[in-house]
Amino acid sequence: MSLFLVSANKSFDGWHKQYTHESKVLNCSMRFAIYLPPQAASHKVPVLYWLSGLTCTDENFMQKAGAQRLAAKLGIAIVAPDTSPRGEGVADDPNGEYDLGLGAGFYVNATQAPWNRHYRMYDYVVNELPAIVETHFPVSDLRSIAGHSMGGHGALTIALREPERYCSASAFSPICNPVNAPWGQKAFSHYLGEDRGLWRQYDAVELMKESRLPMPVLVDQGLEDNFLSEQLKTENLAKVAADTKYPVTIRMQPGYDHSYYFIASFIEDHLRFHARHLSEQ
Ligand SMILES: N[C@@H](CCC(=O)N[C@@H](CS)C(=O)NCC(=O)O)C(=O)O
C-alpha cells in the first residue's frame, strides 16, 4: 500500500504532513494529516487520533486547534483522518444537506445501500488507518483517541467498544446519545436501517451502560453551544457515568460555544491528559 505526500510544513521543530492513499475498507482514495513531533526523528512516539465533526476534513483541527506547540513538547504524534469517504461514485445526501453523506460518516459501518459500498469509517479509523500509520511512520502502538461533535461521538464510541486499543479518550461537545438526537437519528436510519436496536452499538450512552473495561475519559462541553440540548445531550452521558461509576470527567464550560475557538481554549488540557495516560503504559 502506497502513501502519496500532498503537503509538508515544518511546525514547532516537527512536521505537519498530508497524505493520500487507497483505502480498501472505504473503497476510495482518502486523505489524512499527521503531525510528527521532533522526538519522532529519534524514536517512536505515541499517537493521538483526532476525529472531526460534521463538514470537516483533516484540515480543520490541524489549522484551527493550535495543538502542535504542546504536541511537540510532549512528544505525541497527532493523526487526523477525513470525516467520510469521498470521490466519484461515493453516495451523498440526495438533498445536499451537511449532516448526511460527504463530511458526515458518523464513524459507523453502514449496512444499507447505497451507503454500504463506501461508508465504513468505524473500521477505517479503528483498523486500517492505524495499521498504515504504524507501518509508515516512527510511531508506537500506544494510541489515544479524541474528537469534536460527531467526532466526539466517534471517539467515545470507539473507545468504549475497543478499550484494549486505546489508553484514553476525550471529546469536545460530543454527540453523546445519537439514538435520541436528530443528527444521529437521520444518519443511523440511512446508514444502519430502521431497526433501532442496531443503532445502540454506536451510542456512547448505551455503550457506557455495558462497558467492560473502563478507561480514563475527559469531556469538555460549552454551555453556550447552540447544539447542546437538541443534539448533544451531555446530561444523559453524565447520568449514565454516575450510575455506572465510569471514570469520566465532564466539564461544562460557561460562555463557550461549539466552535474551534472553544477547542483551542482547552486543547492543551486534553493533550496533557492523553500524554499522562499514554506514558503510564
Ligand atoms: N454547518 C452546520 C454546522 C456544522 C458545524 O458546526 N460543524 C462543526 C462540527 S459539528 C465544525 O467543526 N465545523 C468546521 C469548523 O468550525 O472548522 C450549521 O451551520 O449548522
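Residues numbered from 1 in each chain as written. Predicted model: local features only at pLDDT ≥ 70, side-chain atom pairs only at ≥ 80, totals over all residues. Heavy atoms only, no water.

- Per an unreviewed UniProt entry, the protein chain is named S-formylglutathione hydrolase, and its organism is Shewanella corallii.
- Database annotation for the protein chain, UniProt heading Sequence similarities (unreviewed entry): "Belongs to the esterase D family."
- As recorded by UniProt, the Function (unreviewed entry) comment attached to the protein chain reads in full: "Serine hydrolase involved in the detoxification of formaldehyde." (UniProt positions renumbered as here; feature names shortened; annotations may be inferred.)

1. So, the overall build of the protein chain
- Counting secondary structure elements, the protein chain contains 9 helices and 9 strands.
- The C-alpha atoms of the protein chain give 17 Å as radius of gyration, which agrees with the globular expectation for 281 residues (19 Å, within 12%).
- Structurally, the protein chain occupies a C-alpha span of about 50 × 45 × 35 Å along its principal axes.
- Classification of the 281 residues of the protein chain by burial places 60% in the buried group.
- Partitioning the intrachain contacts of the protein chain with sequence separation of at least 6 by distance along the chain shows that 72% fall at a separation of at least 24.
- Of the roughly 11,400 Å² that the protein chain leaves accessible, carbon and sulfur atoms contribute 49%. (Helix = DSSP H or I, 4+ residues; strand = E, 2+ residues; numbered from the N terminus. Rg over C-alpha atoms; globule rule 2.2 N^0.38 Å. Buried < 20%, exposed > 50% of the residue type's maximum accessible area, 1.4 Å probe, protein only. Contact = heavy atoms within 4.5 Å. Areas by Shrake-Rupley, 256 points an atom, 1.4 Å probe, with all protein chains shown as cover.)

2. Quick look at the pairing of strand β5 (residues 77–81)
- Where burial is concerned, most of β5 is hidden: 5 out of the 5 residues are buried.
- The side-chain alternation of β5 yields two buried faces, one formed by Ala77, Val79 and Pro81 and the other by Ile78 and Ala80.
- Where strand β3 (residues 28–36) and β5 come together, 4 bridges link them in antiparallel fashion. Paired with Phe32 across the strands is Pro81, a residue of β5.
- Pairing analysis gives 3 bridges linking strand β4 (residues 45–51) to β5, with the strands arranged parallel. (Pairing = 2+ DSSP bridges.)

3. With respect to the sheet that holds strand β8 (residues 217–222)
- Taken in spatial order, the 9 strands make up an open sheet running β1-β2-β3-β5-β4-β6-β7-β8-β9, and their pairing is mixed. In this open sheet, the two edge strands, each paired with only one partner strand, are β1 (4–11) and β9 (248–253). Going from strand to strand, the sheet's axes swing by 20° on average, the running direction of each strand aside.
- Sheet topology places strand β6 (residues 139–148) next to strand β7 (residues 169–172); 4 bridges connect them, and they run parallel. Within β7, the position partnered with His148 by the bridge is Phe172.
- Sitting on the sheet, helix α9 (residues 260–279) touches β4, β5, β6, β7, β8 and β9, and the angle it makes with β7 is about 175°. (Axes fitted to C-alpha atoms, helices over the stretch in contact; angles between N-to-C directions.)

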